[in-house]
Structures are given as structure tokens and as C-alpha cells.
Amino acid sequence: MTNAEARILDGLNESQRVAVTAADGPLMVVAGPGTGKTLTIVRRIAYLIHQGIRPEHILAVTFTNRAAQEMRERTVTLPGKDAAKAFIGTFHMMGLQIVRDNTPHDFVICTRSDQVDLLRAILKDKAHGRKANETAETISRIKNFLEDGDEETRAVYDQYQAALLENNAFDLDDLILKPIGMLRDASILQGYRDRFRYIIVDEYQDINPAQYRLLRLFAGDSGNICVVGDADQAIYAFRGADVTNFLNFENDFQGAGRITLSHNYRSTATIVNASDMMIQNNARRIARTVCPVREGGAPITVASVPDERAEAALVVSEIEARIGGTSHYWLMNEPHRQDYPDSAYSFSDFAVIYRTNAQAEIIKEVFRASGIPFQVIGSRRLSEERTFSDSIETLKGRAANIDKEKLEKAFSMEELIRRALNELGVEDDNLLCRLLMSIIPSNDASTVQNFNDAMKMVRLLLPSDDFDPKADSVALMTLHMAKGLEFKVVFIAGTEDGLIPYLRDGHDDAEEERRLFYVGMTRAKEELFLLHARSRFLYGKKTNPQPSPFVREIPGAFTRTITVPDKAKKRHQKQMKLF
Amino acid sequence: MLYKLSMRFIADLHIHSSYSRATSKDMVPEALWKWAQIKGITVAGTGDFTHPAWLTELNEKTEPTGDGLLRLKREFEADDIPASCRADVFFVLSSEISTIYSKNGRTRKVHSVIFVPQISDALKLNLALSKIGNLNADGRPILGLDAKELLRIVLDACPQALFVPAHVWTPHFSVLGAVSGFDSLEECFEDLTPRIRAIETGLSSDPAMNWRLSALDRLTLVSNSDAHSPAKMGREANILDADISYESIKKAIETGDGFLGTIEFFPEEGKYHYDGHRACGVNLAPGETIKNDYLCPACGKKVTVGVLHRVEKLADRAHGFKPDGAKPFHSLIPLPEIIAETHGTGVASKKVEREYLKLIYELGNEFRILMDAPLPDIERAGSPLIREAISRVRDGKVNIVPGFDGEYGKIRIFEVEERKQIKGQTMLF
Ligand SMILES: [Zn+2]
Ligand SMILES: [Zn+2]
């Protein structure tokens, strides 16, 4: 074994090593939470390059900019000449590349809010834009599912497409749909098949029919496609992602190999085993064994609290306890002190996760009052805290009026972005600049050459990109946003029937909801809290929810229960005062 | 321009406004102005400039002097200040920031006081910090940020800023504290350590304790009240001989040139002087703590290690060492506490208030009474008991049960018998 090869295989366990070194042909890697999925992908890229594959022939796609960025950063630190030339990006980035390659003129990308504006004009929807929003959703579905849509929708769809054409614009879904059309040309298709000879797909369980079609075209029938994923973490059925694609991979691609990564390095044995017992109640999954590497662990705390305010207060006080108090006043409160004397926590070690954005308001209120720094991820609509999304919206809004010529003279991408932000009058340029730099493939000069290109990239940003891993603050987010993240201590708020599983219009998809809860549980490395309120004000109504049935699926041996009693009336504290 | 001439004055540079947690609603600019005069403070920190609402209030009620300080606008000046105390008061923009983060395998909680010359500097710094945390929740905001990074951000935003680690020995919230601090400034600030030119000693330590660490010789030891209510202002303070300008004050603090010394609490009176466990009423000297293996003899929990213990642990010099060029300091007890002691009552009593007001109306501000007023004058305006008490405080002849684990120390200037005796003597005349 050469030195470089030893480095590439260093520290891998047996199944990871098999996945990294597997020969040509279709391969499915079943990778549960914390099993070293990204590590395996990154090492596989390095290994392919080491085997003499040219980096330009490698395509690695994933779903979030965050994941793509991490993969890129980790790839370039490994041995392998020109590893940065591999295409590592999101589906949208890949689609954008193909559309650019095959569109003779420049174009713009419109975001969901642009879409809604267009549709409002088409539908003459002057009210809240509710109809336009729903139609945007339907059109998106048609494009993702490759459906035809009913007659009424079809009429609007055609007008909408005409409007896009007139504006020289593509929407985000077009970035997948258009390439499928473009690849009907056999010579174009052959061009991409020659270019992307090795395909790696991350989070394959979340793939939708349009993305599937596109990959299928690239890979041919028995191409070198390696898909990595976990059926138990498929949580995007509502966006057209069907776990079926994952379950069917081996039928789809004949002769496909399958490797299961079963060693969980992230969480304590308690969390690994408890979440595994819970998810085994799903029928549509690939049975797999999990094997916690870390032993023992504190029991999962199931907490019953009087109401949503008490729920948030309990979260704050547990964080305070681990930090060791954020003020002298807290320390004067005897019961909690010295519980964690030799701790090494910082605020970014904690996350509060909930099912719906509606739950976030009270949690934010209690956090705001506590003074503990926090960031809310992906809820533009609700947050008054400025998030990346806000800045991005500002940027998008003002981009139309920018003096582009001033920007074209920039020397580097970073300078270009800085100038663009300056020109736009966006205040938090450092934050946004850092973000933009991070999503743009650094060595791929062909993707971004001018301001227009930069703006196209900005439009690919997702709500999940709100998460700033460099901000040392407690993360507040929905279960959907939590995917791919990990924290020492995780609080799942509102583990109540009706919220988890979430009951919409009287029906729920229990298996999807169970997977969502599984994703939440498996974010925790050290400690997990499952909180439920005995009384909750939700959607304008007071409710008395029951604990989530999923919590009851966790064997009692893994949990401990605490009950916060209904609050007694507070005694008023007299302030001592001189003069 | 009028105040360019160098003069001797007292400065209390670290206080909190009503926008900080658990502070008195009375901490407003007018009250700071009033109480500064009663106490004898010429330059007071504004506190809390990181809080947008407080900064707005300051901007509304004060005006720049042109020398990097602020003064209260005329229309906000009250006219009920005792004539004996009336004096000019200046403010310097100050704020305390709590950084909480993990470094080298432990949770660190470090408080720092920051000074800037202009409201525009404060705004600039606030803009930078608002990207990191929420400045609205507390006048002393909590940031998930390495203290060294904070120092860097402060110096980037305002090169004229002065950055002083706060109450450096408090166990829970300071750079050298036993629970979540470091063993040296270098461990915390690394290559930026030279930018730290002064530290705040806090209520539970005095300069003499700090002299035992040779690593601190290059630093100016400053003292401030950290007051949360107006009456607590000036319980510790600095004596300067400089121009009344931001630049001169900063230079005096950074170089020691023009820094005459400090006014101190008796360190035993501070909340964390000794070790112990408040819930069990267990108060331990450092030696006893070691003997008990750092556990509370009553309940077995870990005791809170206080400042004296921590200083002894990090000290490289014997007790009583005094480095060359060390600044003198005065150990004082706040006048209301002295008066209360003469009556054997609490400070909040009406009797104490009456007597306090009488003394300042007749003799002038509190610092004058505590440090300079001739004893016969004090006896005339107050009582022989107060005269004797102040005389003993000036001579350092007081008994204090040391504070521990968040509980203030208890002062005893007189034994009960003594108090009767002195009272009795005066009856004879
Ligand atoms: Zn402090
Ligand atoms: Zn005890």
C-alpha cells in the first residue's frame, strides 16, 4: 500500500473501507445516523482520484449547500491532485451548470417569492397571495413529480412558463427539469456521460422523481453510481421525495452492491439503541443493525411540563445548569449549582428542535428574556432576528437595480461579492460574504465569473443555510432543518400527539413522521430531552395534548421521567433600597 | 476646554444602568449625576452602552464635552443637590460584556469592561456585536464568543477603546476566576495579551493581594464599584491626577502615569473572599478548604473556592510583598454601613438615612468625609461614635467576618461593650 493510499484509508472501519474501495458499478451504501457518511464519501472521492480517475470525471451531489461545502472542504485536504476539480455541489448547482452550458444567452433565476409575484399577476390575486402561493406549490409539485397536472392548473402553468420565458428566467425546479429536456439530445447526453463517469449521491433517500430521472440519464443502466443514504431519514415526501427510490435501488441498477455502515460514532449507546427501537416500528425500511461505538450514556429525559412557557423555561434552565449559570443571580439559586462542575459546554452545543415554526415564538421569547444567545434557522417569516435569509432577501430585492459595471472590475470572487454587497447597501457584509464564499466552489472559476453568476448562486441558497456554525449560540429549528446537524444536548419540544406525529387536515403520514422524530433524536451526542406540555396554546386554541405515541415506543429502560408541577403563585420579591 | 488643567479627581468607571438585569430602576443618567456628587465622583462610567435603549437615553440626556467624555444636559440637572456636594460630573462611555465559551476543554466565563470615547464608536461596536448576540436582553450582554475575539473585535471597531478584564478574581465570571477562568492572562488572550494594560481587582481582592503575582506587575490595578443601584456607586474607585479627558484617563490607566491609586473595599467584605458553601453556612479559610479536600463538611458538595484561595494558588510571592512602583490604596467602608454599625442596625433604617444626609449636608461628599474631613468636624456633624468609627476605618482597625460563596462579609468596628462604653463616655460630658 502506498503512503497516499494509507492516508486515504486511515481510521476507517471495515465497512467504510469496503465502501471507499468498492470497484466500478452501482453501489448502495446504507448509512444510518452518525456512521461516518460524509467521511466515507470524501474518502471515496480521494480513493477514485488515487486510482487514476481524473477529478473532472467525478460528480458528487447532495441536497444542501452546507453539506456540499463540508464535502468540498474535506476533499481538498486529502491526497489527490486537483481534487478541487471534482464537481461537488447540490442538485441545483449541477442543474444550473447544465442549463448554463446549453443556453446561448444569459438568464436569471427566480426564487419562490419571485414565482409568487408572477403568479399573483397571472391570477390577478390581489389579496394575501394565498392562491398564488398554493399555485406555486402545485406547479413545483408538477415539476418535481414530472406530472401533467389537471386542466385548470395546466392553463395557469402554461401562462406561468410563458411569463418566465418572457423574463428570460428559470425557477429553481427548472434547474432540474430543463436539463432533463436538454439531455434528450443524444450527443449532449453523451457529453455529460463522458464527463461525469463517477457519480456519488448523498442523501439518496430524499431524491424526487425529477432528480431521479436526471441521475438515471447520467448513469445509464449500469453506470458507476454510488448512492449513500438512510431510508429511516427520508423526510421530504411532501416535496415529492419518495423513499421508494431508495428501497428500489437494487432492482433499478442491476448487479448493485450493498454495504451497510452500522457503527454509530456520534451518540451514546442509550440514544442509539432507544432511537433504533423506536424506528423499528416502521414497515417501509431496509432492516439494518446499529452498533453504538460509545458505551452507556445518560438516560433520555422525558419531561412533562405544565405548558409551552414552562417547556421553554425548562430548556433554558437545563442549558444554564450545564453552562454553570450565566449570571450571579442564577448562582444564588442553590438547587442547580455545581451540577456540572468540570463541564466544557458552549452555547453551540445545544439545540432546541420542534415540529412547527408556530412553536418557536414562545421559545424565542423565553430565550430573549434569558439573554442566552440563540439563532433561529430557516424561519424567515417568523423571525425578527436578522438571519441569513433576511439578508439574502434584501440582496435579491435590490439586485435588480445594481450598477453591474462597477463590479465587473473586481479581482477576486471575494472582492466581487464584497463590492456587490456594498453596492446593495447590505449591512452585514461579513456574514453574508462568508456564506457566499462558502457555497461557491472555490476553484471552479467556470461556475462564477461575474456578478450575474454570483447572483444565480445566491438564489440557490436555502433556508437551512441560515445555520451559521461559527456563531456560538443555541440553535432553534424545526425537525426538517435539523437534518445533518449534531449537538451535544438536544431538546425536542412538543413531543405531543398532534405535533409529533403532526396532524394535518385530519390525516398524517405516521411513518414519515416517525422518521422525522428519528432524525431529531439522532442529532443528540450526549443528552436528549423529550418535552411535552400538558396544556398548549396552538393555532388560537388551548389544547390538552397527550404525549407523543412515538415516545411511548421507546423502551422505559432508556428513559427517565421528570414532571414539572403546575406553577404555584409567585411571591413578590421586595427590593432592598437605601434612600 | 475649561477642564484641560490637570487635577486630582475620583473616577468610578464600571457601573450598570437600569437596563441591566437585577439593577435598580433608579439607575438613570440624572441619578448617576446626582449620586456621583454625593459620593464625590468626578468621572463615572455610563455602563451598558451596548444596550440600544440606554445608548439612546444617553444620547438624549447628555452632550459631548469635546474631550471624549459626556456631561448631563442642563435641563436634566436637578436642583436638590446639597450645596456642600455640588460639583461637575463627567461620564465616560463604558459597558461590560459577558463572554461564555469553551476553550481548552472547559467552559469559560469572562467579564470585560470596555471604554470608548464617542457615541459613534459605541454604535460601531454595537453593530459588530449585534451580529454575534442579542444586545437587547441585558445591559450586560452575554455573547458566545472567545474573550480574545471580543478584544480583537473591540480594537478593530475602535482603536482608541480601552479594554479591562473585570473583577478578575471572581470565581464564576472572570479571567482568573477559580471556576471558569484561566491560570494566566496569556492563556486567555494569547498574542493579544500585551493589549491588556489594566485589570479590575474586584471587591474581594485588594492591590496587596494582587502584588503577590509578578505576572501582574506590568498592569495598572483599577477598582470600580460595579454598582447596580445609585447608593452603591463609589464603593470602590480610582484616584487620578490628569486632565478631564478620555485620552488622559486612558493614558493614566494604561501607563500608571497620573494614576494615583485606588479606593478599596476591605477585601474580606467582598462576596467571594473566603471559600465555602452558602446553603450550609460553611465559611472556610483556604487552608481549611484544602484540609476538607474542597468538600463542604456539612453536605459533601464541592465548596466554592474564593478569591483569597485562588490568589494564593497562583501567587509566586510571599504574603506582604510590595513591588516597586506599586500604587497606594485606601481601604474604606461605605459611610452608610459605618453609621449603621454605630447604631447596631441595618443600613436600610431611617436613622441611618437621617444621619447620612446630615453629615453630607454639613461636611460635603462621602469620600471627603471618609478620607479627608477632620475628626472633630465629623464628631460635631455626627457623633463621637461616628468619629471613632471613621477613625478606626482610616486606621484599618476593623473586624470583618469574611464573605464567602456569594455572601458579603460582615463588618464589626465595635464590640457591643465598646459601643456602650463610648456612648457612656459621651454621656458624661
Ligand atoms: Zn461583571
Ligand atoms: Zn454544604
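Keep in mind that what you see is a predicted model, and the values were worked out from it rather than measured. Numbering of residues starts from 1 in every chain and runs along the sequence as written. Lettering of chains starts at A and numbering of ligands starts at 1, both following the order in which they are written. Two thresholds apply to this predicted model, a pLDDT of at least 70 for residue-level local features and 80 or more for giving and counting side-chain atom pairs, whereas whole-chain, interface and lining totals are computed over all residues. To obtain the side-chain values, all non-hydrogen atoms of the structure were included, while hydrogens and water were left out.

**Some thoughts on the overall build of chain B**
Move 1: Starting at the N terminus, helices and strands are each numbered in turn, a helix being any DSSP run of H or I of at least four residues and a strand any DSSP run of E of at least two. Looking only at helices and strands, chain B features 15 helices and 17 strands.
Move 2: Relative to the 2.2 N^0.38 estimate, which gives 22 Å for 429 residues, the radius of gyration of chain B is 21 Å and therefore close to what a compact globule would have.
Move 3: Seen along its three principal axes, the alpha-carbon backbone of chain B occupies a region of about 70 × 60 × 40 Å.
Move 4: Where accessible areas are quoted, they stem from the Shrake-Rupley method and a 1.4 Å probe; at the residue level, only the protein chains shown are allowed to cover. Of the roughly 16,500 Å² of accessible surface on chain B, a fraction of 52% belongs to carbon and sulfur atoms.
Move 5: Positive charges come from Lys and Arg alone, negative charges from Asp and Glu alone, with His and the N- and C-terminal ends not counted. Where a charge lies is defined by one atom per residue type, namely NZ (Lys), CZ (Arg), CG (Asp) and CD (Glu). Side-chain charges of chain B comprise 53 positive and 59 negative groups, with the mean position of each set lying 2 Å from the other. Just to be clear, the radius of gyration here is over C-alpha atoms, and the globule rule we use is 2.2 Å times residues to the power 0.38.

**A look at the overall build of chain A**
Move 1: Each helix and strand counted, chain A has 25 helices and 18 strands in total.
Move 2: Taken over 579 residues, chain A has a buried fraction of 58%.
Move 3: For chain A, the exposed area adds up to about 24,900 Å²; of that, 49% sits on carbon and sulfur atoms. Here's how the labels work: a residue is buried when its accessible area is under 20% of the maximum for its type, exposed when over 50%, partly exposed in between, all with a 1.4 Å probe on protein chains only.

**Comments concerning the pattern of salt bridges**
Residue and element names in this part refer to chain B.
Move 1: For this document, the term salt bridge refers to a Lys or Arg side-chain nitrogen within 4 Å of an Asp or Glu carboxyl oxygen. Following the criterion strictly, the structure yields 54 salt bridges over all chains and no others.
Move 2: Between E418 and R392 there is a salt bridge, with the nearest N and O atoms lying 2.7 Å from each other. On the criterion of sequence distance, the pair formed by E418 in helix α15 (residues 416-428) and R392 in helix α14 (residues 384-394) is long-range, its members being 26 residues apart.

**Brief notes about the packing of aromatic side chains**
Residue and element names in this part refer to chain A.
Move 1: Within 6.5 Å between ring centres, the rings of Phe, Tyr and Trp (the latter by its six-membered ring) count as paired, and their orientation is classed by plane angle as stacked under 30 degrees, edge-to-face over 60, tilted in between. All told, the structure shown has 16 aromatic pairs over all chains when counted by the stated rule.
Move 2: With a centroid separation of 5.2 Å and 50° between ring planes, the pair formed by F63 and F91 is classed as tilted. Taken as a pair, F63 in the loop between β2 (58-62) and α4 (65-76) and F91 in helix α5 (residues 91-101) lie far apart in primary sequence, 28 residues in all.
Move 3: Look at F91 and you get buried, because its relative accessible area is 3%.
Move 4: Clustering of aromatic rings is evident, with ring pairs tying together F87, Y192, F196 and F218.
Move 5: We call a charge positioned over a ring when the NZ of a Lys or the CZ of an Arg lies within 6 Å of the ring centre and within 35 degrees of the ring normal. In this structure, R154 is placed above the aromatic ring of Y157, and the distance from its NZ or CZ to the ring centre is 4.5 Å.

**Section: the nonpolar core**
Move 1: In this structure, I114(B), L150(B), W169(B), V175(B), F189(B) and M233(B) are the most contacted members of the largest nonpolar core, which totals 101 residues.
Move 2: Built from parts of two domains, this core gets at least three residues from each of domain 1 (8-268) and domain 2 (335-427) of chain B.
Move 3: Only buried residues count toward a nonpolar core. Its members are Ala, Val, Leu, Ile, Met, Phe, Trp, Tyr and Cys residues joined through side-chain atoms within 4.5 Å. Counting 44 residues, the second largest nonpolar core, distinct from the first, contains I98(A), Y204(A), V243(A) and L460(A). Annotation comment: domain bounds sourced from an automatic or database domain assignment.

**Examining the pairing of β2(A)**
Residue and element names in this part refer to chain A.
Move 1: Of all five residues in β2, five are buried, a share of seventy percent or more.
Move 2: Residues I58, A60 and T62 point to one face of β2 and L59 and V61 to the other, with burial holding for every one of them.
Move 3: Only strands that DSSP links by at least two bridges are regarded as paired with each other. Both β2 and strand β6 (residues 198-201) contribute to a ladder of four bridges, which runs parallel. The partner of I58 across the bridge, within β6, is Y198.
Move 4: Looking at chain direction, β2 and strand β3 (residues 87-90) are connected through four bridges and run parallel.

**Regarding the coordination of the zinc ion (ligand 1)**
All names here are of chain B.
Move 1: The coordination sphere of the zinc ion (ligand 1), as far as protein atoms go, consists of E96 (OE), H111 (ND1) and H167 (NE2), spread over 1.9 to 2.4 Å.
Move 2: In this analysis a donor is any N, O or S atom within 2.8 Å of a metal ion (3.2 Å for sodium, potassium and calcium), and since water is not included, sites may seem incomplete. Donor residues for the zinc ion (ligand 1), ordered by position in the chain, follow E-x14-H-x55-H. Residue E96 is found in strand β5 (residues 90-103), and its partner H111 is found in strand β6 (residues 106-116); the two are separated by 15 residues along the sequence. Across the pair, exposure class does not vary: E96 and H111 are buried alike.

**Description of helix α2 (residues 52-61) of chain B**
Move 1: Turning to α2(B), its buried residues are W54(B), L55(B), E57(B), L58(B) and K61(B). Along α2(B), the residues classed as buried sweep out an arc of 160° about the axis, all on the same side. Regarding the arc, it is the one traced by the directions from the helix axis to the C-beta atoms.

**Details of the side chain of T99(B)**
Residues and elements named next belong to chain B.
Move 1: Secondary-structure assignment places T99 in strand β5.
Move 2: Polar contact criterion, stated in full: a pair of N or O atoms within 3.5 Å, where within protein one must be able to donate a hydrogen and the other to accept it, and residues adjacent in sequence count only if both atoms are side-chain atoms. Of note is the side chain of T99, whose polar atom sits 2.9 Å from the backbone oxygen of V110.
Move 3: Apart from residues lying up to four places away in sequence, T99 is in contact with R108, K109, V110, L143, L145, A147 and L150. Residue contacts are defined here by distance: any two heavy atoms, one from each residue, within 4.5 Å place the two residues in contact.

**Here's the deal with the domain arrangement of chain B**
Many descriptions give the size of an interface as the accessible area lost when the pieces come together.
Residues and elements named next belong to chain B.
Move 1: Segmentation of chain B into domains returns domain 1 (8-268) and domain 2 (335-427).
Move 2: At the junction of the two partners, domain 1 supplies 19 residues and domain 2 supplies 17 residues.
Move 3: Here domain 1 meets domain 2 over a buried area of about 1,400 Å², counting both sides, of which 68% is carbon and sulfur.
Move 4: By definition, the buried area sums, over both parts, the 1.4 Å-probe accessible area that each loses when the two are put together. Considering only the side of domain 1, the residues that lose the most area to domain 2 are K39, F266 and E268, jointly responsible for 38% of the buried surface there.
Move 5: Summed over the shared surface of domain 1 and domain 2, the number is one salt bridge.
Move 6: Between E366 and K39 there is a salt bridge, with its nearest N and O atoms 2.7 Å apart.
Move 7: Run the count over domain 1 and domain 2 and you get seven residue pairs in polar contact (both at pLDDT 80 or more).

**A short note on the coordination of the zinc ion (ligand 2)**
Residue and element names in this part refer to chain B.
Move 1: Surrounding the zinc ion (ligand 2) are the protein donor atoms H277 (ND1), C280 (SG), C296 (SG) and C299 (SG), at 1.9 to 2.4 Å.
Move 2: Square planar and octahedral sites, with four and six donors, are those where opposite donors lie more than 155 degrees apart and all other angles lie between 65 and 115, tetrahedral sites have four donors with every angle between 85 and 135 degrees, and the rest are irregular. Coordination at the zinc ion (ligand 2) is tetrahedral: its four donor atoms span angles of 100 to 122° at the metal.
Move 3: Along the chain, the residues donating to the zinc ion (ligand 2) fall in the pattern H-x2-C-x15-C-x2-C. Here C299 lies in the loop between α8 (286-291) and α9 (307-314) and C280 lies in the loop between β13 (275-277) and β14 (282-284), a separation of 19 residues in the sequence.
Move 4: By relative accessible area, C280 is classed as partly exposed at 32%.
Move 5: C299 sits in the partly exposed class, given a relative accessible area of 38%.

**Regarding the sheet that holds β3(A)**
All names here are of chain A.
Move 1: With parallel pairing, six strands are arranged side by side in an open sheet as β3-β2-β6-β7-β1-β8. The strands lining the two open edges of the sheet, one partner per strand, are β3 and β8 (257-261). Here the strands of the sheet are splayed against their neighbours by 15° on average, with no regard to which way each runs.
Move 2: Across the sheet, α5 touches β2, β3 and β6, and the angle it forms with β3 is around 110°. To obtain each axis, a line is fitted to C-alpha atoms, and for helices this fit is confined to the stretch in contact; angles are then taken between N-to-C directions over 0 to 180 degrees.

**Points about the side chain of N208(A)**
All names here are of chain A.
Move 1: Looking at the secondary structure, you find N208 in the loop between β6 and α11 (209-219).
Move 2: Using a relative accessible area of 7% as the deciding quantity, one classes N208 as buried.
Move 3: If we ignore the near neighbours within four places in the chain, the residues touching N208 are N144, R239, G240, A241 and N245.

**With respect to the packing of helix α1 (residues 29-39) of chain B against α2(B)**
Residues and elements named next belong to chain B.
Move 1: Interaxial distance between α1 and α2 falls to 10 Å at its minimum, and their mutual angle equals 65°. Considering the angle they form, α1 stands roughly perpendicular to α2. Two secondary-structure elements touch here, α1 through P29, E30 and L32 and α2 through W54, E57, L58 and K61.
Move 2: Each residue receives one of three labels: charged for Asp, Glu, Lys and Arg, nonpolar for Ala, Val, Leu, Ile, Met, Phe, Trp, Tyr, Cys and Pro, and polar for the others, Gly being one of them. Across the contact of α1 with α2, the residue classes tally to four nonpolar, no polar and three charged. Orientation is classified from the angle alone, with under 35 degrees giving roughly parallel, over 145 giving roughly antiparallel, 65 to 115 giving roughly perpendicular, and any other angle giving oblique.

**A look at unusual backbone geometry**
Move 1: Put simply, I500(A) and P501(A) share a cis peptide bond, and its omega is 0°.
Move 2: Although it is not a glycine, N168(A) adopts a positive phi angle of roughly 60°.
Move 3: Relative to the helices and strands, N168(A) is located in the loop between α8 (151-166) and β5 (169-171).
Move 4: What makes N168(A) partly exposed here is its relative accessible area of 30%.
Move 5: One non-glycine residue with positive phi stands out, namely E190(B), at about 50°.
Move 6: Within the fold, E190(B) resides in the loop between α5 (185-189) and β9 (198-200).

**Focus: the environment of G297(A)**
Residue and element names in this part refer to chain A.
Move 1: For G297, the position within the fold is in the loop between β10 (291-292) and β11 (300-307).
Move 2: Overall, the relative accessible area of 40% leaves G297 in the partly exposed class.
Move 3: Distance from G297 to I58, taken between C-alpha atoms, is 40 Å for residues 239 residues apart in sequence.
Move 4: Here G297 is in contact with T268 and T270, once residues within four sequence places are set aside.

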